[in-house]
Amino acid sequence: MTVKEVFELRKQGKIEEAYAAICPMYAAHQGKYTTLCMFWTASDILKKRIEEKRTGEAVKIFEALQRVLPRIDDADGKAHQAILHGALRLSDATDTGWTAAAPATPAKTDASTDFSMLDFIGRYGVANLTAADWQGSMSTPKEGSHDQPHQLPSTAQRILTRCFHEIQEHPDADHALKVMPLLEEAMRRSPRNKNNQRYMAVVYRIMGEKEKAIAIYDQLLQRHRDSYLYAERADLTDDPGKKAALYCRAIQSQRQEQFRQGYRLALAQLLLGRDNTKAAYELQKVLAQRQQQGYHPTREMQAMQSQLQGVVPSTEAEQQAFYKKMAEKFL
């Protein structure tokens with residue numbers, strides 16, 4: 001079989017057959033067209049393995065693609081784009097469930113399926129990202145929908161976001177230092193970008209520069225009302241009253257109850273022993289949501305239940321009035 005015939009198989013959608021045919025050919029001869037065919041056929045298999053949730057194989061194929069890339073004449077940059085998009089797909093496939101609204105405890109994964117965006121971009125090099133990689137695009141609403149076009153993040157910005165998923169899971173100096181070249185470039189290009197500023201605040205906090213982190217959050221909260229910004233600012237606050245007020249704002253700003261749990265629990269812990277009726281209200285909300293999702297209370301929640309046994313939770317109206325009072329007094 002010739003390289004041309006392998007490309008024809010790929011064109012016909014016979015991905016597995018094309019991959020099986022090119023592997024021995026590439027092993028025997030790594031010429032220009034054999035290498036090109038190997039790269040694009042392996043790229044097809046990478047997508048397929050990710051779709052099949054065979055992430056262990058996908059990681060190995062992606063590593064092989066990175067070794068092949070330097071041997072390709074990539075004048076149009078399409079192979080470069082394929083590598084970046086492959087990294088994003090792998091990151092999505094191995095994601096542990098982190099969200100901006102409610103950071104989750106990462107689930108254990110098999111080491112064979114591990115993929116680190118931080119390690120990838122460190123090896124690949126921020127300098128190899130092109131101007132096009134930093135350029136966003138407009139969404140195209142589906143025909144017949146009432147959706148409006150909106151700005152989509154660039155490929156580089158999506159990579160940066162994925163790096164911060166990892167930093168949320170591993171908030172230590174080593175991980176923070178790894179992201180700095182990418183974050184500094186993002187700040188250079190978009191210094192007022194909300195996410196970039198927030199990421200910089202996260203890094204400052206990890207590195208022990210608390211006052212710098214606080215200054216960024218205070219500036220952000222003058223323009224934005226995202227629940228996670230209030231919660232992250234609360235984590236940097238020592239004053240119990242202001243901390244509680246910030247958690248109140250986080251709860252009010254988050255529309256989805258499932259993402260309020262972390263904020264409610266933090267507020268309940270803060271109120272415990274200070275205002276048990278308000279603490280009981282927040283804990284009651286957390287437990288109800290967990291039950292709805294099919295989860296049992298944690299040991300920490302059970303301990304709080306014991307401490308609040310016999311306490312009558314405040315009413316919805318009383319709690320809403322409490323939120324308002326706290327914001328007026330401390331914010």
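The notes below deal with the structure included here. (Residues numbered from 1 in each chain as written. Predicted model: local features only at pLDDT ≥ 70, side-chain atom pairs only at ≥ 80, totals over all residues. Heavy atoms only, no water.)

### As for the overall build of the protein
Okay, step 1: Along the protein, the regular secondary structure elements total 16 helices and two strands.
Okay, step 2: Of all 331 residues assigned to the protein, the portion counted as buried reaches 43%.
Okay, step 3: Looking at the protein alone, contacts between residues at least 24 apart form 58% of all its contacts between residues at least 6 apart.
Okay, step 4: For the protein, the distance from the average site of its 46 positive side-chain charges to the average site of its 41 negative ones is 3 Å. (Helix = DSSP H or I, 4+ residues; strand = E, 2+ residues; numbered from the N terminus. Buried < 20%, exposed > 50% of the residue type's maximum accessible area, 1.4 Å probe, protein only. Contact = heavy atoms within 4.5 Å. Lys, Arg positive; Asp, Glu negative; His and termini not counted. Charge placed at Lys NZ, Arg CZ, Asp CG, Glu CD.)

### So, unusual backbone geometry
Okay, step 1: Phi is positive for K53, which is not a glycine, with a value near 65°.
Okay, step 2: Turning to its location among the elements, K53 is positioned in the loop between helix 3 (32-51) and helix 4 (55-68).

### Here's the deal with the packing of aromatic side chains
We describe a pair of aromatic rings using the distance from one ring centre to the other and the angle between the two ring planes.
Okay, step 1: According to the stated counting rule, one finds seven aromatic pairs in the structure shown.
Okay, step 2: Each member of the aromatic cluster is reached from another via a ring pair, and the members are F62, F115, F120 and Y124. (Phe/Tyr/Trp six-rings, centres within 6.5 Å; stacked < 30°, edge-to-face > 60°.)

### Concerning the packing of helix 6 (residues 117-124) against helix 7 (residues 155-169)
Okay, step 1: Helix 7 packs onto helix 6 with a crossing angle of 130° between their chain directions and a minimal axis gap of 8 Å. Viewed along their axes, helix 6 and helix 7 adopt a mutual orientation that is oblique. On helix 7, the residues that touch M117, L118 and I121 of helix 6 are I159, R162, C163, E166 and I167. (Axes fitted to C-alpha atoms, helices over the stretch in contact; angles between N-to-C directions. Parallel < 35°, antiparallel > 145°, perpendicular 65-115°, else oblique.)

### Side note on the nonpolar core
Okay, step 1: Judged by nonpolar contacts, the single largest core of 92 residues is most densely connected at F120, F164 and L182.
Okay, step 2: With near-sequence residues (within four places) excluded, L182 lies in contact with I121, V126, L129, W134, I159, L160 and C163. (Core = buried A, V, L, I, M, F, W, Y, C linked by side-chain atoms within 4.5 Å.)

### Thoughts on the packing of helix 13 (residues 261-271) against helix 14 (residues 276-293)
When two helices pack together, you describe them by how their axes are tilted relative to each other and by the distance separating the axes.
Okay, step 1: Direction vectors running N to C along helix 13 and helix 14 enclose 150°, while the axes themselves pass 8 Å from each other. Considering the angle they form, helix 13 stands roughly antiparallel to helix 14. Considering how the two elements wind past one another, helix 13 and helix 14 form a crossing that is left-handed. Along its contact with helix 13, which presents Q261, R264, L265, L267, A268 and L271, the element helix 14 presents N276, K278, A279, Y281, E282, L283, K285, V286, Q289, R290 and Q293.
Okay, step 2: Taken together, the residues of the contact of helix 13 with helix 14 break down into eight nonpolar, four polar and five charged. (Left-handed = near helix turned anticlockwise from the far one by under 90°. Nonpolar A, V, L, I, M, F, W, Y, C, P; charged D, E, K, R; others polar.)

### Points about the pattern of salt bridges
Two side chains carrying opposite charge are able to pair once their charged atoms lie near each other.
Okay, step 1: For the coordinates displayed, the defined rule picks out 23 salt bridges.
Okay, step 2: In this structure, K48 engages E16 in a salt bridge whose closest nitrogen and oxygen atoms are separated by 2.9 Å. With K48 in helix 3 and E16 in helix 2 (residues 15-28), the pair connects residues that are 32 residues apart, well separated along the chain.
Okay, step 3: The salt bridge involving R260 is made with E257; its shortest N-O contact spans 2.9 Å.
Okay, step 4: Here R260 falls in the buried class, since its relative accessible area comes to 17%.
Okay, step 5: The structure contains a network of salt bridges with shared partners spanning E16, K48, R49, E52, R54 and E57. (Salt bridge = Lys/Arg side-chain N within 4 Å of Asp/Glu carboxyl O.)

### Let's talk about the environment of L118
Okay, step 1: By the element assignment, L118 lies in helix 6.
Okay, step 2: In this structure the C-alpha to C-alpha distance between L118 and T35, which are 83 residues apart in sequence, comes to 27 Å.
Okay, step 3: With near-sequence residues (within four places) excluded, L118 lies in contact with C163, E166, I167, H175, K178 and V179.

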